[in-house]
Amino acid sequence: MNSTNTRNIVGTEMAINVIEKMVKKQLDNPSLASKLPSIILRSSPGCGKSTIVKYVADKLGIQFIDIRLANMDRCDLTGVPSVENGETKWNVPSIWPKDKKSAGILFFDEITGAPMDVQIAAYSIVLDRKIPNTDYVLPDKWYIVAAGNLSTDRAGVKPMSSALANRFMHFDIEANVEDWKKWAVQHDIHPSVTGYVNYRPTNLLKMDGQNLEAGWPSPRAWERVSHMIDIVGDDEEQLQKAVFGLIGPNVGVEFMAFHKLQSKFDDVLEMLTNPKAKIDIPSKADAKYAFYSAMSYLLWNGKNAKDDEKRVDGFYRILEVSSSDFATAAAKLAMCGNSRVSKIQAVSMLIKHPKFKDFKKRFGTESTEYSLKK
């Protein structure tokens, strides 16, 4: 059998949905705590495993404890002994949640980088929800998720004990451009980054031919590139150094050229907000990707509902003269909302607009139904 086919591969969205369902099930019925399988996520470095898990915790309004097993000693998990009245007593480490009524996700990160004795120390918590030699029991509303890197990625991976591995439900996450684009729009990632990844999707995660001891492209690295654009501003030389340090010079050179191109589209805001503005869409592919990434970023970046209405008007004016592929892609991203406008609000404003029927008639239902189902 081909080794690739033995991997249980899921995208980011699927991983989020599965974890969320398991956590909700346990919150609704805490008596299932010892019966529901814990989950382990594996991927290449930088694919956002910890971000996925914390996102679920934040969405559900529960606590999140991140335990980096690769940095732990056995006693950090099991505690250290002390002598009281001539008897040995094991002291429970402070990292474990104590409130029996509390709820959260206990996240064992870097589990595949942990020494064998630390993995063994994790056995009882993962399987029995207890710490040996103590009376500690993990509260019933705490769900366990673990994460580790792939052995093929030179990321300090150690063999996982079969006994520990058998205690998990395993999922391998692959960098998925469609999932990432939705996440990027919702989290206000800079349009130069979203536009470039859309233009060069194979560079979302690129390890082949890169210096893996320096910066290289990954979802995590691209998020940091976005932050650096916001921090550095117009200082091109400093930004280039930062970009090269995060994703390497091979991809960095092309990205910087794309960023310069994208920065020219200040007039996109004018097209979105001024009914009399001429709609001028670039013809070259790279410029077109830059244009639409700027539009997606600016759509929900207004200050209030009045701004939103004005920009949605402009959004439909632009789509009226757009090709089918870019129009449907833009509609899918628009329905994701962003950090200010929720997905429900975004969908509502778009489908209630008078021009939505014309859009649907021209481009079909796939672009909208897909987003409404998610």
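Description of the structure in this document. (Residues numbered from 1 in each chain as written. Predicted model: local features only at pLDDT ≥ 70, side-chain atom pairs only at ≥ 80, totals over all residues. Heavy atoms only, no water.)

1. Looking at the overall build of the protein chain
For clarity, the cut-off: Strands are runs of DSSP state E lasting at least two residues, helices are runs of H or I lasting at least four, and both sets are numbered from the N terminus onward. Note on classification: 1.4 Å probe, protein chains only; a residue is buried when its accessible area is under 20% of the maximum for its type, exposed when over 50%, partly exposed between these limits. What makes two residues a contact is simply this: any of their non-hydrogen atoms within 4.5 Å. Values of accessible area rely on a 1.4 Å probe in the Shrake-Rupley scheme; residue burial ignores everything except the protein chains shown. Within this scheme the basic residues Lys and Arg register as positive and the acidic residues Asp and Glu register as negative, but His and the chain ends are omitted. Charge coordinates come from a single atom per side chain, which is NZ of Lys, CZ of Arg, CG of Asp or CD of Glu.
Each helix and strand counted, the protein chain has 16 helices and eight strands in total. For the protein chain, the spread of C-alpha atoms along the three principal axes comes to 85 × 45 × 45 Å. In the protein chain, which comprises 374 residues, the proportion classed as buried is 48%. Counting contacts in the protein chain only where the partners sit at least 6 residues apart, residues at least 24 apart contribute 73% of the total. Working note: accessible area of the protein chain is about 18900 Å², and carbon and sulfur atoms make up 49% of it. Charged side chains of the protein chain number 50 positive and 45 negative; the gap between the two group centres comes to 5 Å.

2. So, the pairing of strand S4 (residues 80–84)
Keep this limit in mind: At least two DSSP bridges between two strands are needed for those strands to be called paired.
The sheet contact formed by S4 and strand S5 (residues 87–91) spans five bridges and is antiparallel. Paired with Pro81 across the strands is Trp90, a residue of S5. What sits between S4 and S5 in their antiparallel hairpin is a turn of two residues, with Asn85 showing a positive phi close to 55°.

3. Concerning the nonpolar core
As a reminder of what qualifies: To form a nonpolar core, buried Ala, Val, Leu, Ile, Met, Phe, Trp, Tyr and Cys residues must be joined to one another through side-chain atoms within 4.5 Å.
Residues Trp180, Trp222, Phe255, Met295 and Phe315 are the most contacted members of the largest nonpolar core, which totals 53 residues. If near-sequence neighbours (up to four positions away) are discounted, Phe315 is found in contact with Leu272, Met295, Leu299, Ala330, Ala331, Ala334 and Leu350. Of all hydrophobic cores here, the second largest spans 27 residues; its members include Ile40, Leu77, Ala121 and Ile131.

4. Digging into the sheet that holds strand S6 (residues 103–109)
Two strands in a sheet stick together by hydrogen bonds in their backbones, pointing the same way (parallel) or opposite ways (antiparallel). Note the cut-off: For helices, the axis comes from a line fit to the C-alpha atoms of the stretch in contact; other axes are also lines fit to C-alpha atoms, and the angle between any two N-to-C directions lies between 0 and 180 degrees.
Pairing is parallel across the open sheet formed by six strands, whose spatial order is S1-S8-S2-S7-S6-S3. Either end of the sheet is taken by a strand with one partner, and the two such strands are strand S1 (9–10) and strand S3 (63–68). Helix H4 (residues 116–127) rests against strand S2 (38–43), S6, strand S7 (141–149) and strand S8 (168–173) of the sheet, and its axis sits at about 155° to S6.

5. Concerning helix H7 (residues 191–199)
What sets the pattern is the α-helix's 3.6 residues per turn: residues three or four places apart point alike. Extensive coverage of H7 is indicated by the burial of seven of its nine residues. Those residues of H7 that fall on the buried side of the exposure criterion are Pro191, Ser192, Val193, Thr194, Gly195, Tyr196 and Val197. The secondary structure elements touched by the buried residues of H7 are helix H6 (177–186), helix H8 (219–232), helix H9 (236–262) and helix H11 (285–299).

6. Focus: the side chain of Ser38
For Ser38, the position within the fold is in strand S2. Ser38 gets classed as buried once you look at its relative accessible area, which sits at 6%. Once residues lying within four places of it in the same chain are set aside, the contact partners of Ser38 are Val126, Tyr143, Ile144, Arg167, Phe168 and Met169.

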